Structures are given as C-alpha cells and as structure tokens.
Amino acid sequence: MIKFIGLIGYPLKHSISPYFQQAALDYHQLDIRYEAWEISSKGLGDAVARLREPRNLGANVTVPYKEAVLPLLDEVDEQASLIGAVNTIVKRDNRLLGFNTDVYGFAQALYKEGHFEPEGKQAVILGAGGAARAVSFALVRKKVSALIIINRTLEKARALADSLKRYIRDSSLRSEGLKTSVTTLPWQSLTSPKTLDDCHLIVNCTTMGMKYSSQEGQSPLSLEVIPNHILVYDLVYNPWLTPLLQLAQRAGANTLGGLPMLVYQGAASFELWTDKEAPIDIMLDKAKEALQKFG
Ligand code: NAP
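Small disclaimer: the values here were computed from a predicted structure and weren't measured.

Q: How would you sum up the pattern of salt bridges? Please name residues and give values.
A: It is possible for side chains bearing opposite charge to pair when their charged atoms get close. Under the counting rule described, the total for this entry stands at nine salt bridges. Measuring nitrogen to oxygen at the nearest pair gives 3.5 Å for the salt bridge that ties Glu289 to Lys286. Of this pair, Glu289 and Lys286 both sit in helix 9 (residues 280-294), separated by three residues, roughly a single helical turn. Of the residues examined, Glu289 reaches a relative accessible area of 33% and is grouped as partly exposed. Salt bridges sharing partners connect three or more residues here, namely Lys286, Glu289 and Lys293.

Q: Provide a residue-level description of the site of the ligand, including the pertinent values.
A: The ligand sits among 24 residues. The nearest are Ala131, Asn151, Arg152, Thr153 and Lys156. Within the contact set of the ligand, an oxygen atom lies 2.8 Å away from a side-chain nitrogen or oxygen of Asn151. Here an oxygen atom of the ligand sits 2.8 Å away from a polar atom, N or O, in the side chain of Lys156. The fraction of the free accessible surface of the ligand (930 Å²) that becomes covered by protein chains is 83%. At a threshold of 2 Å from the grid points, most atoms of the ligand map onto the largest pocket. Broken down by secondary-structure element, the contributors of at least two residues to the shell around the ligand are helix 5 (130-141) and helix 8 (259-274). A breakdown of the residues in the shell around the ligand according to their chemical character gives eleven nonpolar, nine polar and four charged.

Q: Now, about the packing of helix 1 (residues 17-27) against helix 9: what can you tell me, with residues and values included?
A: Two numbers describe how helix 1 lies on helix 9: the axes approach to 8 Å, and their chain directions differ by 145°. Like other packed secondary-structure pairs, helix 1 and helix 9 cross with a definite hand, here right-handed. Residues Tyr19, Phe20, Gln21, Ala23, Ala24 and Tyr27 of helix 1 lie in contact with helix 9, whose contacting residues are Ile282, Met283, Lys286, Ala287, Ala290 and Phe294. The residue makeup of the contact of helix 1 with helix 9, split by class, is ten nonpolar, one polar and one charged.

Q: Please provide a residue-by-residue account of the environment of Ala80, values included.
A: The residue Ala80 is located in helix 3 (residues 78-83) in this model. Note on Ala80: relative accessible area 0%, which makes it buried. Along the primary structure Ala80 and Asp102 are separated by 22 residues, whereas in three dimensions their C-alpha atoms are 9.5 Å apart. Ignoring any residue separated from it by four or fewer positions in sequence, one finds Ala80 in contact with Ala85, Val86, Gly98, Phe99 and Asn100.

Q: Provide a residue-level description of the pairing of strand 8 (residues 146-151), including the pertinent values.
A: Among the six residues of strand 8, six are classified as buried, and the element is accordingly described as predominantly covered. With burial as the criterion, each face of strand 8 is covered, one bearing Ala146, Ile148 and Ile150 and the other bearing Leu147, Ile149 and Asn151. Across five bridges, the pairing between strand 7 (residues 122-126) and strand 8 is parallel. Its bridge partner lying in strand 8, Gln122 is registered against Ala146. Following the chain from strand 7 across helix 5 to the adjacent parallel strand 8, one finds a crossover that is right-handed. Across six bridges, the pairing between strand 8 and strand 9 (residues 181-186) is parallel.

Q: How would you summarise the sheet that holds strand 11 (residues 231-234) if you had to cite specific residues and measurements?
A: Pairing is parallel in the open sheet, where six strands are placed in the order 9-8-7-10-11-12. What marks the edges here is a single partner per strand, and that holds for strand 9 and strand 12 (254-256). Neighbour-to-neighbour, the strand axes of the sheet open up by a mean angle of 20°, direction not taken into account. Summarising the sheet, strand 7 and strand 10 (residues 201-204) pair through four bridges and their orientation is parallel. Each bridged residue has a counterpart across the sheet, and for Ala123 the counterpart in strand 10 is Leu201. In the packing of helix 5 onto the sheet, contacts are made with strand 7, strand 8 and strand 10, and the angle to strand 7 comes to roughly 170°.

Q: Could you give an account of the packing of aromatic side chains, with specific residues and numbers?
A: Two aromatic rings, taken as a pair, are described by how far apart their centres are and by the angle between their planes. Taken as a whole, this structure holds three aromatic pairs when the rule is applied. When the centroid spacing of 6.0 Å and the interplanar angle of 55° are considered together, the rings of Tyr34 and Trp273 count as tilted. Residue Tyr34 is located in strand 2 (residues 32-38), and its partner Trp273 is located in helix 8; the two are separated by 239 residues in the primary sequence. On the accessibility criterion, Trp273 (11% relative accessible area) is buried. Between Phe137 and Tyr167, the ring centres sit 5.2 Å apart and the planes meet at 75°, which makes this aromatic pair edge-to-face. Pair noted here: Phe137 is in helix 5 and Tyr167 is in helix 6 (residues 154-170), with a separation of 30 residues, a long-range link.

Reading guide: rules and limits
Residues numbered from 1 in each chain as written. Predicted model: local features only at pLDDT ≥ 70, side-chain atom pairs only at ≥ 80, totals over all residues. Heavy atoms only, no water. Salt bridge = Lys/Arg side-chain N within 4 Å of Asp/Glu carboxyl O. Helix = DSSP H or I, 4+ residues; strand = E, 2+ residues; numbered from the N terminus. Buried < 20%, exposed > 50% of the residue type's maximum accessible area, 1.4 Å probe, protein only. Near = heavy atom within 4 Å. Polar contact = N/O pair within 3.5 Å; in protein donor to acceptor, adjacent residues only side chain to side chain. Areas by Shrake-Rupley, 256 points an atom, 1.4 Å probe, with all protein chains shown as cover. 1 Å grid on protein atoms, 1.4 Å probe; cavity = no way out; pocket = protein on both sides within 12 Å on 5 of 7 lines; lining within 4 Å. Sits in = over half its atoms within 2 Å of the grid points. Nonpolar A, V, L, I, M, F, W, Y, C, P; charged D, E, K, R; others polar. Axes fitted to C-alpha atoms, helices over the stretch in contact; angles between N-to-C directions. Left-handed = near helix turned anticlockwise from the far one by under 90°. Contact = heavy atoms within 4.5 Å. Pairing = 2+ DSSP bridges. Right-handed = clockwise from strand over helix to strand, strands pointing away. Phe/Tyr/Trp six-rings, centres within 6.5 Å; stacked < 30°, edge-to-face > 60°.

Honestly, it's all geometry; don't read function into it.
Right under this line is the structure:
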C-alpha cells in the first residue's frame, strides 16, 4: 500500500519541501508520497488525528502551527519541548512523536555551507519567534561566547533571553557547563553601527524580505551598519538572495541563505520517517531547481 507523509501549514502555495522530499523518497525507491496539506487553524486537530490512519507515516509542520501542534501529540522529545516548537511528527506504534529538526538544520548549514565555527564567537540574532528560539538554543549549545537578541517587540526578546539563561544556569546540573552571556537590545539599536561592531555572526530570524509577503523587498539592516568581516546568515530562503544578503555582500560580509538549512532540517526529518540516509546532494539540487521554477 502506498504511504503518505504530509506538510501541515498555511499557506503552502510556494512551499518547495514537497519537491526535494519526493526526490529523496524516489531516490530510495520508496512507495511513499510527500504531499502539501494546507490546513486552516480550525482543521489542525483533525489533520493531526488523520496521521493515525494506517496509510500515513508522519508529517512536517510549518508556519503557523509549530507551537500549536505540541498538545495534540502523544510525546514530544526533549529538544522540541525546550524550544516549544515541533516541525516533524513521526508515527511509531501508532503514537505521534514530535521532534524539532530546525536546530540540526541550522547548525549543519552553518558548518557545511557557511564554514563557520561558533565556539567562542559573538552572535546577534534578529527576531524572537519560533525560528529564533531554535537558532538561539543551537548557538548556546555550540558555545558562542555572547548572544545578543534584538527584536521589534522587546518583551519577546527578553522572554527568550530568560529561558536561555535558565537553560545555561541549569547546564552545570547536566555536566555541560555552558557559559554564553545572553543580552537583549531594542530594535532601534540597529540604526547604530556600534551595535554590530564586535559581532562575528548575524542571523536574521525575522520574516523580513520574504517573497510573497507584505515584507517582500525589506531588509532588517541598512548597508551602513553591516560590518565587513562577518557572516550574515538569513533564514529566509525565498528569494535565494534576499535584500539583507544583497546589502551584506555590498558591505563585504560573507553570506549564507536559508535554503541549505531548509534542506538539512528536511533531511533529518526524512531520516526519522524512513530510517534511510538522506541523499543531501540530490535534495539540495532539487530544492534549488524548485526555487528557480516555482519559488
Ligand atoms: P515567527 O515566529 O512568526 O516570528 C517572526 C519574527 O519576525 C518575530 O520576531 C517578529 O517580531 C519579526 N518581524 C516580523 N515582521 C517584522 C518587521 N516588519 N520588523 C521587524 N521584525 C519583524 O516566524 P518564525 O517561524 O520564527 O520564522 C521566521 C523566518 O524564518 C521566516 O521567514 C521563516 O520562513 C524562516 N525560517 C526558515 C527556516 C529554514 O529552514 N530556512 C526554518 C524556520 C524558519 P515581533 O516579535 O515583534 O512580531
């Protein structure tokens, strides 16, 4: 019997995950279809319940349901609970298990495509939503020396900083000994070049610059404030070269877009569903092709 894996989100019209996930399933000659399931918020409970049908293996979860899906699952793994967001559901023994592969996807892309070693470096995160939570936990675990969170709504940045500080404080109990200093700054501080002077890495975790959104064409930073020696990592993957990355290149910074992260998080999800090694190169090529054709 053919089996199914779904992508649960809204809207999904421009999603490219079905293209590169199907390419990976076809590479392994698995009789599985990966489908986009565009669901209104009213239908989320039913969509998750349908995963229990024998033909369904699991799902990816994307905007805006990564947080809302948690109470609908039988079990959520430690990392996803910590971040408060699930992007992958796997059915095992008819139980729905939640995982977050964004942390892995972010870190893998940073190493493999950005050639950046975070340990001992200073990082600035723009945003404090679900993606910022995953990125900040990843950077703390990779032992950045300092993390500055800058968000339009300062309260949300402070709440994220507080949970990171608790996590760092409790790390001695887990024998991890994490030491990152975490601070927050108001959004207006981004108009001063001094704010970013000492950082080695800036990660845009806001939605600014996303194609097909009201923020298409916008950049969170102006040319003048971007230091020239650093890595600017934009989680937005459509367009390939976002307004922020264009400015960063003009400023002489190194740049990394969000597409490799999308593929690496998808590869980790693929391995959870299928127990097979994800064909990363095929998935990356297909994702680039899909972005050019349909993005
Ligand atoms: P989210 O939870 O909705 O958070 C959005 C963030 O953007 C918030 O911090 C929000 O600030 C900020 N923001 C929105 N409009 C803004 C504006 N005009 N000016 C300044 N800040 C603004 O979204 P998310 O799930 O974290 O996703 C964020 C981005 O990351 C999206 O573009 C998503 O596609 C991308 N992403 C990419 C990957 C990947 O694999 N490449 C994975 C996950 C997410 P407030 O708190 O003030 O509202």
